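The lines below spell out each chain.
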Amino acid sequence: MSDRHGGTEVVEGGGENDDECFVPLSPVLLDASGVPALECRNTGTEGVEVGKNLNQQQVPVKGTGKVVGGRWEENGNYSRGIHAPEDGGTLGKKRRPVTVDTSKAKTSLEGLKISIRQLKWREIPTGRRAPCDIYWHGVSFHDNENITSGQVNKFPGMLEMSRKINLSRAVRIMQELFPVEYDFYPRSWILPDEYQQFSTQIRTVKESDETLDPTFIVKPDGGSQGEGIYLIRDPAELRAAGAQARQAVVQEYIRKPLLVDKLKFDIRLYVLLKSLEPLEIYIAKEGLTRFCTEPYQEPSQKNLGHVFMHLTNYSLNVHSGNFVHSESQSTGSKRTLSSVLRRLAAKGVDVKRLWSDIIALVIKTVVAVAPQLKVYYQADIPPGKPGPSCFQILGFDILLMKNLKPVLLEVNSNPSMRIEHEQEVAPRVFECVPSPVDEEVKVGVIRDTLRLVDPGLKKASSSQWKSVGVEEAGGDAMPSPCLKQVYPKYSRQFNYLRLVERIAALFIRFLGVKGNMRLGPTAFRTFIRNCKLSSSNFTMASVDILYIDIVRRWSGALPDSREAGMGLQAFVEAFFYLAARRFKSQTPREQAASLLDLCEAQLESRTPGPEERRSLSCSRAASRGAAGAPKHQAHAQQPGPHSPAPLPRRASSQDCRRAKPRSREAHAEN
């Protein structure tokens with residue numbers, strides 16, 4: 001169903017176990033300590049209902065696989081006799097505690113420790129030689145090297161993909177195919193590459209209408225915690241303009257945000273990417289809202305430098321004299337998301353519809369970055385090579401416009417999970433004190449992430465996960481899960497967007513060497529030849545020229561790149577070019593889909609050689625959701641008034657780097 005912004009509406013409800021509202025509006029329901037223990041089976045003694053002294057009343061019968069004793073029947077009666085354990089479980093065998101290596105956890109350590117204690121798992125604080133079940137890293141996948149088993153809480157490449165330039169390019173590719181669906185990201189220019197284009201476009205806009213005086217926000221590519229962000233009204237105000245400009249993204253500034261108590265605020269939403277293949281996404285039901293500390297006014301030349309008015313970053317506003325640390329979840333400069341939603345609901349806002357829009361924004365953003373993440377993943381953990389599986393908690397920063405449209409500000413690969421804050425107890429003397437708001441939100445996110453990736457937990461459906469109420473390790477009552485699955489739950493509404501993942505699958509298929517992230521000229525020729533894309537009008541000589549032209553431009557944008565060849569985003573550019581040549585009368589989206597169908601059909605009809613036998617990174621069946629897309633979405637639409645205008649691809653040619661983090665500065669938590 002089309003939403004009011006031209007995207008896809010997520011329909012909540014429809015099943016017995018579905019929540020009527022994504023965030024409960026009742027304060028009672030939000031009280032984690034007040035959630036009653038749910039009746040469930042104790043999976044630590046499989047086949048036995050939780051009850052007083054029942055475990056001691058059952059004895060295995062040697063050699064029969066059966067037990068003597070009693071059990072509760074479905075009709076509520078207690079029966080005695082000999083019977084087989086349910087699910088083939090082994091009765092009485094105590095499960096060993098899950099081990100979590102926290103030696104690299106950094107500032108998330110306190111919340112992680114609390115979660116491990118609640119789950120009755122075992123913390124390994126200094127690391128150990130024997131493998132652990134879970135490795136909790138504070139910065140990136142590479143915090144611990146040579147991990148060959150278990151699970152790591154970071155994906156390879158996520159640190160790079162969350163940088164502002166790479167995220168902007170990933171979203172821009174999707175905007176070329178789906179301009180209306182991806183209008184939640186402000187129009188952006190990448191510096192210094194697109195400085196001339198930015199200057200020309202702004203000058204043209206001002207000359208055409210002298211009453212227009214737009215404002216722009218400049219964000220350094222590797223900046224964090226608000227460092228280096230500033231507002232401008234003219235390209236001449238850029239610091240170190242032109243070719244000397246620091247790598248950054250300049251975006252249109254949202255002039256009319258939604259205000260609460262006359263203050264601008266943003267939402268920090270926690271999102272769990274549990275798996276890339278298959279794609280599995282969870283969203284926390286509770287989040288944070290971070291408030292500015294000066295009443296908002298629309299930007300003018302006089303107030304552009306008022307960071308406490310325009311920037312919502314906690315790390316900036318905490319230094320304001322107006323910052324309020326509150327024990328309450330509904331007051332102060334940092335509040336729970338549910339407290340703000342209750343106020344909006346009281347004013348008649350359709351909170352359920354707002355959540356639907358936010359869910360759609362999150363899913364679409366993950367779909368945009370997933371193709372490049374799969375390239376990173378296969379490079380660090382090639383198919384057939386021992387390695388860990390990955391999951392990751394992401395921090396989505398979302399701004400609500402006055403008309404309640406959510407806008408994506410950025411995605412943080414290392415969102416701060418601290419549950420305390422510094423408080424000045426004497427002049428220039430600070431101490432860490434607990435933050436009730438942070439602990440309420442973040443401990444639940446960490447704990448339920450661990451519950452979801454529990455290696456002893458069999459793959460459960462969304463409804464089974466929702467019904468979890470007692471942990472198998474200890475049997476103590478636990479709060480109901482705070483993470484809600486949104487994908488693949490809503491996959492039918494969003495599968496048609498996954499075209500670029502299919503392009504990435506072709507790219508990975510022809511990479512050849514395990515661990516490689518770039519196509520060489522021979523591999524690119526093989527792709528053209530095997531997909532039968534050459535012709536008398538497009539010879540192999542033309543293919544070589546296309547390859548050289550694209551790679552040269554990308555190399556110019558990345559002069560310090562140590563890897564030669566064509567990266568994924570350059571390959572996508574070449575793919576779009578080939579699609580436009582072959583299917584001239586179609587829209588960009590139809591062109592890409594048609595060429596994908598052609599390539600996949602050609603590859604299926606031939607027997608691949610040894611060098612081509614590589615696993616595809618995304619399921620063709622899942623990606624082919626385009627066929628089931630709503631009819632009104634079958635054609636790319638013209639951008640609306642708030643839709644970012646796609647920029648020429650030549651100017652945007654730059655690939656993500658595959659390199660270990662360049663500096664610790666880039667790793668600061670946001």
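Residues numbered from 1 in each chain as written. Predicted model: local features only at pLDDT ≥ 70, side-chain atom pairs only at ≥ 80, totals over all residues. Heavy atoms only, no water.

(A) The arrangement of the sheet that holds strand β11 (residues 248–252) in detail. If you trace the four strands from one edge of the open sheet to the other, you get β8-β11-β9-β10, paired in antiparallel fashion. Of all the strands in the sheet, just β8 (188–191) and β10 (230–232) have a single pairing partner and so form its edges. Each strand axis lies, on average, 25 degrees off the axis of its neighbour in the sheet, ignoring direction. Across three bridges, the pairing between strand β9 (residues 216–220) and β10 is antiparallel. Note that in β10 the partner of Ile 217 across the bridge is Leu 231. Where helix α4 (residues 164–177) meets the sheet, its contacts fall on β8, β9 and β11, and the angle it forms with β8 comes to roughly 135 degrees. Its contacts with the sheet place helix α5 (residues 195–208) against β8, β9, β10 and β11, and it is angled at close to 140 degrees to β8. (Pairing = 2+ DSSP bridges. Helix = DSSP H or I, 4+ residues; strand = E, 2+ residues; numbered from the N terminus. Axes fitted to C-alpha atoms, helices over the stretch in contact; angles between N-to-C directions. Contact = heavy atoms within 4.5 Å.)

(B) Layout of the side chain of Glu 181. Here Glu 181 shows up in the loop between α4 and β8. Buried within the structure, Glu 181 lacks any salt-bridge partner; its nearest side chain of opposite charge belongs to Arg 589, at an N-O separation of 4.9 Å. Among the polar contacts listed, one links the side chain of Glu 181 to the side chain of Tyr 496, at a separation of 3.1 Å. (Buried < 20%, exposed > 50% of the residue type's maximum accessible area, 1.4 Å probe, protein only. Lys, Arg positive; Asp, Glu negative; His and termini not counted. Salt bridge = Lys/Arg side-chain N within 4 Å of Asp/Glu carboxyl O. Polar contact = N/O pair within 3.5 Å; in protein donor to acceptor, adjacent residues only side chain to side chain.)

(C) A look at unusual backbone geometry. Cis rather than trans, the peptide bond between Leu 191 and Pro 192 has omega equal to 5 degrees. Along the chain, the position of Pro 192 falls in the loop between β8 and α5. Along the chain, Tyr 487 connects to Pro 488 via a cis peptide bond; the corresponding omega equals 20 degrees. For Asp 261, which is not a glycine, the phi torsion comes out positive at approximately 55 degrees. When you line up the elements, Asp 261 lands in the loop between β12 (259–260) and β13 (263–275).

(D) Focus on the state of the cysteines. Inspection of every chain in the model, using the stated rule, returns zero disulfides. For the unlinked cysteine Cys 531, the closest cysteine sulfur is that of Cys 599, found at 3.7 Å. Residue classification places Cys 531 among the buried positions, given a relative accessible area of 0%. (Disulfide = S-S within 2.5 Å.)

(E) Highlighting the nonpolar core. Counting 112 residues, the largest nonpolar core has Leu 269, Phe 396, Phe 524, Phe 527, Met 566 and Phe 575 as its most contacted members. If one sorts the elements of this core by residue count, helix α9 (residues 351–380) sits on top with 18 residues. The next biggest cluster of nonpolar side chains, apart from the first, holds 27 residues, and it includes Val 98, Leu 288, Phe 391 and Leu 483. (Core = buried A, V, L, I, M, F, W, Y, C linked by side-chain atoms within 4.5 Å.)

(F) Spatial organisation of the packing of helix α16 (residues 568–582) against helix α17 (residues 588–604). Closest axis-to-axis distance for the α16/α17 pair is 9 Å, and the angle between their directions is 95 degrees. Classified by the angle their axes make, α16 and α17 are roughly perpendicular. Between α16, through Phe 575, Phe 576, Leu 578, Ala 579, Ala 580 and Arg 582, and α17, the contact on the second element is made entirely by Gln 591, Ala 592, Leu 595, Leu 596, Leu 598 and Cys 599. Taken together, the residues that form the contact of α16 with α17 break down as ten nonpolar, one polar and one charged. (Parallel < 35°, antiparallel > 145°, perpendicular 65-115°, else oblique. Nonpolar A, V, L, I, M, F, W, Y, C, P; charged D, E, K, R; others polar.)

(G) Expanded view of the pairing of strand β22 (residues 483–487). Judged by how many residues are buried, β22 sits mostly within the fold: five of five residues are covered. Sheet topology places strand β14 (residues 280–284) next to β22; four bridges connect them, and they run antiparallel. Of the residues in β22, the one forming a bridge with Ile 283 is Lys 484.

(H) Highlighting helix α8 (residues 337–346). All of the buried residues in α8 are Leu 337, Ser 338, Ser 339, Val 340, Leu 341 and Leu 344. Just beyond α8, the residue with positive phi is Gly 348, at close to 95 degrees.

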